[in-house]
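Chain residues, written in single-letter form:
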Amino acid sequence: MPATRFDPYPRARLFDGPTPIQRLHRLEAALEPVLRGARLFVKRDDLGGIGGGGSKLRKLEFLLGDAMAQGAEVLVGVGPLQSNSARLAAAAAARLGLDCELGLWPLEGQAGEALVSGNVLLGRLFGARVQMLPDASAAPGFIAAAAQGRKSYQLPPGASSPLSALGYADCALEIADQEHALGLRFDRVVIANGSSASQAGLVAGFSLLGRRRLVQGFSVLADAPAAEANTLALARACHALLRGEGEITVADIRIDDTWRGPGYGRTTAESLDALHLLARHEGLLLDPVYSAKAFAGLLAHLRDVTRPRNENLLFVMTGGTPALFGYQSALGT
Ligand SMILES: *Cc1c(COP(=O)(O)O)cnc(C)c1O
């Protein structure tokens, strides 16, 4: 029944759902001394669809649906150099027959492989025209010049908007369906928070089911108060698009910025440990910018002795694998 709430919003099919939910048996065994009955699961949003996969596809389905409905000819996006959003926008444009213009800037200290490999390489492979910008301040000028007479559709930063959050509201309903099949209920759903629409969408989706305070975000970009404000605004706007009952309040938005470290795109010892741990125990890839920091937060939660026993914990794997190749030296391999 709730699925019909999405019907007013055109959608471009870019993603093959539902994505699997898998239990991490080997990691549970390795964490046994602190586990206290917790069960660890991952939702494989790093799989499926086009362009190498990742969470941005769920968001782009609604943005590209909107772009196609408006008769767009060119997709315009800006972001940092190793942007998953830009890479998947390029793949989506290829799939839908649109041109794609990307303006990308390096983060402080990025050099060598980070300038040409990973997401940048893939964006070019998908046929996007990539222009290197000196920094974020050059983005408005790039956007103004990008259309060149074509009807353009401008992607919001990080592909985050109330409309794109619908992709993760739908994911919340998908998770609830999968809980029935698995015969359990999750006590906590954990996700990285960057430009915030993913967490916001999950919050809006679970609130349709009367489930509150279920989603724990770990901010990798803004500090907790700013990320909370942004996530709350997006969750409310998404909830309104879905004509949800009741109100989403600040109490529904749980965000921890402890694991962000020195800033967006800058690795931390804890995030690299988390990345290695999941790679070596489960053969699964976190990404250095987002999910490795969120997983470091989940590990800290597991070590918290005040945590309730026997929790069912779901970590949303959001993709970003290509960025690994922009971080080769940090990974020490
Ligand atoms: C963008 C992104 C996120 C965060 O999603 P937001 O909606 O921007 O908060 C998490 N993980 C990966 C790999 C991403 O690319």
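Keep in mind it's a predicted model, so treat the numbers as computed, not measured. (Residues numbered from 1 in each chain as written. Predicted model: local features only at pLDDT ≥ 70, side-chain atom pairs only at ≥ 80, totals over all residues. Heavy atoms only, no water.)

So, the site of the ligand
Okay, step 1: The ligand sits among 17 residues. The nearest are Lys56, Lys59, Ser195, Ser198 and Thr318.
Okay, step 2: Separating an oxygen atom of the ligand from a side-chain N or O atom of Asn84 is a distance of 2.8 Å.
Okay, step 3: A distance of 2.7 Å separates an oxygen atom of the ligand from a polar atom in the side chain of Ser198.
Okay, step 4: A molecule is said to occupy a pocket when more than half its atoms come within 2 Å of that pocket's grid points, and by this definition the ligand occupies the largest pocket.
Okay, step 5: Of all the secondary-structure elements, those providing two or more residues to the shell around the ligand are helix H3 (56-69), strand S7 (188-193) and helix H9 (197-208).
Okay, step 6: Partitioning the shell around the ligand into residue classes produces 3 nonpolar, 11 polar and 3 charged. (Near = heavy atom within 4 Å. Polar contact = N/O pair within 3.5 Å; in protein donor to acceptor, adjacent residues only side chain to side chain. 1 Å grid on protein atoms, 1.4 Å probe; cavity = no way out; pocket = protein on both sides within 12 Å on 5 of 7 lines; lining within 4 Å. Sits in = over half its atoms within 2 Å of the grid points. Helix = DSSP H or I, 4+ residues; strand = E, 2+ residues; numbered from the N terminus. Nonpolar A, V, L, I, M, F, W, Y, C, P; charged D, E, K, R; others polar.)

Some thoughts on the environment of Thr268
Okay, step 1: Examined against the element boundaries, Thr268 turns out to sit in the loop between strand S9 (254-256) and helix H11 (269-282).
Okay, step 2: When the C-alpha positions of Thr268 and Ala172 are compared, they lie 29 Å apart, and in sequence the two are 96 residues distant.
Okay, step 3: Apart from the residues lying within four places of it in its own chain, the contact partners of Thr268 are Trp259, Arg260, Gly261, Pro262 and Lys293.
Okay, step 4: Side-chain polar atoms of Thr268 contact the side chain of Ser271, separated by 2.9 Å. (Contact = heavy atoms within 4.5 Å.)

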